[in-house]
Protein chains: 2
Amino acid sequence: MAFWKNFFKNTQAANGPNNLASITSINSVLLVEHLENKDQLANIYISLNDKIDLYDLEKLCDAVGWVRRPIKKVKVAIDHSFLTASLFYEKNQQQQLIGFARVTSDCAFNATIWDVVIHPNFQGQGLGKALMDQTIRYLRHADISTITLFADPNVVTFYRNLGFVADPDGVKGMFWYPL
Amino acid sequence: MAFWKNFFKNTQAANGPNNLASITSINSVLLVEHLENKDQLANIYISLNDKIDLYDLEKLCDAVGWVRRPIKKVKVAIDHSFLTASLFYEKNQQQQLIGFARVTSDCAFNATIWDVVIHPNFQGQGLGKALMDQTIRYLRHADISTITLFADPNVVTFYRNLGFVADPDGVKGMFWYPL
């Protein structure tokens, strides 16, 4: 897995087709090509606004222990998301969904990122950062000025390292609960 | 203005057509009927997902000193909002937009409230609370479980009184800024 770590560390400075910084309009980005893993070649790529297999997504969410949600309602949520970002691991022409994020937006000013998930077997390799980088890039390309999210305490530092600021100018994220 | 204050204080317990608590599916709610104001009768009502006059909205936002936004982009944002809530003051068959809020959502799980504004001449009378009450009621009726917003420091208490909680379980509202 060390190769990936190096890859993502160096990706900002890299040249060639894998240079994320050079991509302005993107639908699918190859992150790692011909990764050698147990003598087999594998690719990892991010796909934006691609068709989502809801059962693959459920399996991914199960893997990180999220509470199950009605699959029909998940479909509605995805259909009404401004952006979905899927991360795939591809080997022997078979692909596995290993990461996901989605965004709600008014398509003009504001966007909110929800449901960011990386499969436990693929965490800690910079793939979450790559997924968020592409998501932010897409939103900036769509001229969305305010990109927001609600971060659990254990991922605040992760998002801070990506350029997110908690409570800027004292603005508080608030959730409604019945009184 | 004291009449309104009393009206909104008592509205939860009131009976009859003005009883907000009894309304489950709503598009337009009369808040104050036949308000006597300088010997003229006036009504105040909230209208949900009604057609928005963008220039009236701009005038309202100017009145509270918000930075102007391109009107075409405002139209896109409104067209892609899940809900708009407008507050009107009606006198002599003329209506004035005196309050506004809008919501983005995935139509299933999450909603975020944006651009809450009450005209300065009508603030402090419970109209903001009434606007938010109707917004929350609509979202609950649509079976949206997570209702969120980002509150400026000076309105955190206002939202807290409506049942919003800041940073529940340490969840932080975060905004992205370029690194």
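See the structure printed just above.
Residues numbered from 1 in each chain as written. Chains lettered and ligands numbered in written order. Predicted model: local features only at pLDDT ≥ 70, side-chain atom pairs only at ≥ 80, totals over all residues. Heavy atoms only, no water.

A. The arrangement of the interface of chain A and chain B in detail. The interface is formed by 50 residues belonging to chain A together with 50 residues belonging to chain B. The junction of chain A with chain B conceals about 4600 Å² of combined surface from both sides, 66% of it contributed by carbon and sulfur atoms. Together, Phe109(A), Met174(A) and Trp176(A) form the three largest contributors to the area buried by chain A at its contact with chain B, with a combined 19%. Between chain A and chain B we count six salt bridges in total. Note that Asp167(A) is salt-bridged to Lys172(B), the shortest N-O span being 2.7 Å. (Contact = heavy atoms within 4.5 Å. Buried area = accessible area lost by both parts, 1.4 Å probe. Salt bridge = Lys/Arg side-chain N within 4 Å of Asp/Glu carboxyl O.)

B. A look at the packing of aromatic side chains. As enumerated under the stated definition, the model contains 15 aromatic pairs over all chains in all. The interplanar angle of 55 degrees and the centroid separation of 5.2 Å between the aromatic rings of Tyr89(B) and Phe122(B) together place this pair among those described as tilted. One end of the pair, Tyr89(B), is in strand β3 (residues 83-91); the other, Phe122(B), is in the loop between β5 (110-118) and α4 (127-141), and 33 residues separate them in sequence. The class for Phe122(B) is buried, based on a relative accessible area of 8%. Between the aromatic rings of Phe158(B) and Tyr159(B), the centroid separation amounts to 4.9 Å while the plane-to-plane angle is 70 degrees, which identifies the pairing as edge-to-face. Sitting above the plane of the Phe109(A) ring, Arg69(B) keeps its charged end 4.3 Å from the centroid. (Phe/Tyr/Trp six-rings, centres within 6.5 Å; stacked < 30°, edge-to-face > 60°. Helix = DSSP H or I, 4+ residues; strand = E, 2+ residues; numbered from the N terminus. Buried < 20%, exposed > 50% of the residue type's maximum accessible area, 1.4 Å probe, protein only. Lys NZ or Arg CZ within 6 Å of the ring centre and 35° of its normal.)

C. Region of interest: the relation of the copies chain A and chain B. Note on the identical chains: chain A maps onto chain B by a rotation of 180 degrees and an axial translation of 0.0 Å, with an RMSD of 0.0 Å. Here the symmetry operator amounts to a two-fold rotation axis. Closest approach to the rotation axis among the C-alpha atoms of chain A is made by Gly173(A), whose C-alpha sits 2.1 Å away. A share of 100% of interface residues in chain A that are also interface residues in chain B marks the association as one of identical surfaces. (Least-squares fit on C-alpha atoms with pLDDT ≥ 70 in both.)

D. Examining the side chain of Asp167(B) more closely. Position of Asp167(B) among the secondary structure elements: in the loop between β7 (164-166) and β8 (172-176). The class of Asp167(B) is buried, set by a relative accessible area of 17%. In terms of polar contacts, Asp167(B) uses its side chain to reach the side chain of Lys172(B), at 3.1 Å. Non-local contacts of Asp167(B), meaning those with residues more than four positions away in its chain, are made with Asp167(A), Lys172(A), Gly173(A), Lys172(B) and Gly173(B). (Polar contact = N/O pair within 3.5 Å; in protein donor to acceptor, adjacent residues only side chain to side chain.)

E. Representation of the environment of Asn43(B). All names here are of chain B. Among the secondary structure elements, Asn-43 is positioned in strand β2 (residues 40-48). Asn-43 sits in the buried class, given a relative accessible area of 16%. The spacing of Asn-43 and Gln-125 is 82 residues in sequence and 14 Å in space, taken between C-alpha atoms.

F. Region of interest: helix α2 (residues 54-63) of chain B. Residue and element names in this part refer to chain B. All buried positions along α2 are accounted for by Leu-54, Leu-57, Glu-58, Leu-60 and Cys-61. Along the long axis of α2, the arc covered by the buried residues comes to 160 degrees, so they all point the same way. Set apart from the buried face of α2 by more than 90 degrees, the exposed residues are Tyr-55 and Lys-59. Check the buried side of α2 and you find it contacts α3 (71-79), β4 (94-105) and β5. Among the residues of α2, the N-terminal cap falls to Asp-53, whose side-chain oxygen and the backbone nitrogen of Tyr-55 are separated by 2.8 Å. In the stretch just after α2, Gly-65 is the one whose phi turns positive, near 80 degrees. (Arc of directions from axis to C-beta.)

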